[in-house]
Amino acid sequence: MKEMDTQHTYTAHIEHHGEWWIGWILEVSGVTCQERTREELLETLKITLLEILAYDAEQARHRATYVHENVRIAV
């Protein structure tokens, strides 16, 4: 069986306002950042996205109270 690719692609909406770049990830609420440069913004969005995804996964594990299994699905 072929190994499943675990890399996902997300969409960053970014805007330049005066001295600031602001942006957010369209597919995940709560990932909103502001930086002085476009490059810094994209890096900060990536870091913040990874942190939120890790936090959400950890919270889901803590809420699991019954015998369960984790099954990977590709979409």
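Each remark here, short or long, concerns the structure printed above.
Residues numbered from 1 in each chain as written. Predicted model: local features only at pLDDT ≥ 70, side-chain atom pairs only at ≥ 80, totals over all residues. Heavy atoms only, no water.

**Student:** So what's going on with the packing of aromatic side chains? Residues and values would help.
**Tutor:** For any pair of aromatic rings, the description consists of the separation of the ring centres together with the inter-plane angle of the planes. Scanning the entire structure with this criterion turns up 0 aromatic pairs. Over the ring of tryptophan 20 we find arginine 36; its NZ or CZ atom is 3.9 Å from the centre of that ring. (Phe/Tyr/Trp six-rings, centres within 6.5 Å; stacked < 30°, edge-to-face > 60°. Lys NZ or Arg CZ within 6 Å of the ring centre and 35° of its normal.)

**Student:** Let's hear about the sheet that holds strand S2 (residues 20-25): which residues, and what values?
**Tutor:** With antiparallel pairing, the 3 strands of this open sheet are ordered in space as S1-S2-S3. Edge positions in the open sheet fall to strand S1 (12-17) and strand S3 (32-35), since each of these has one partner strand only. With strand direction ignored, the average angle separating the axes of adjacent strands in the sheet is 20°. Looking at chain direction, S1 and S2 are connected through 6 bridges and run antiparallel. The partner of alanine 12 across the bridge, within S2, is isoleucine 25. (Pairing = 2+ DSSP bridges. Helix = DSSP H or I, 4+ residues; strand = E, 2+ residues; numbered from the N terminus. Axes fitted to C-alpha atoms, helices over the stretch in contact; angles between N-to-C directions.)

**Student:** Describe the nonpolar core, listing the residues and the values that go with them.
**Tutor:** The biggest cluster of nonpolar side chains holds 8 residues, and these are Trp21, Ile25, Val28, Val31, Cys33, Leu41, Leu45 and Leu49. Of all the secondary-structure elements, those providing two or more residues to this core are S2 and helix H1 (38-63). The dominant element in this core, judged by the number of residues it contributes, is H1, at 3 residues. In contact with isoleucine 25, not counting residues within four places along its chain, are Tyr10, Thr11, Ala12, Val31, Leu45 and Leu49. (Core = buried A, V, L, I, M, F, W, Y, C linked by side-chain atoms within 4.5 Å. Buried < 20%, exposed > 50% of the residue type's maximum accessible area, 1.4 Å probe, protein only. Contact = heavy atoms within 4.5 Å.)

**Student:** Account for the pattern of salt bridges, with residues named and values stated.
**Tutor:** Following the criterion strictly, the structure yields 1 salt bridge and no others. As a salt-bridge pair, glutamate 19 and arginine 36 come within 2.7 Å of each other at their nearest N and O atoms. In this pair, glutamate 19 sits in the loop between S1 and S2 while arginine 36 sits in the loop between S3 and H1, placing the two residues 17 residues apart along the sequence. (Salt bridge = Lys/Arg side-chain N within 4 Å of Asp/Glu carboxyl O.)

**Student:** Got a sec to walk through the pairing of S2? Specific residues and values, please.
**Tutor:** Successive side chains on a regular strand alternate, one facing one side of the sheet and the next facing the other. By the alternation rule, side chains of S2 split into Trp21, Gly23 and Ile25, which are all buried, and Trp20, Ile22 and Trp24, of which none is buried. Here 4 bridges tie S2 to S3, and the two strands are oriented antiparallel to one another. Bridging from a neighbouring strand, glycine 23 pairs with cysteine 33 of S3. A loop of 6 residues connects S2 with S3, the two strands running antiparallel in sequence, and glycine 30 in this loop sits at a positive phi of about 95°.

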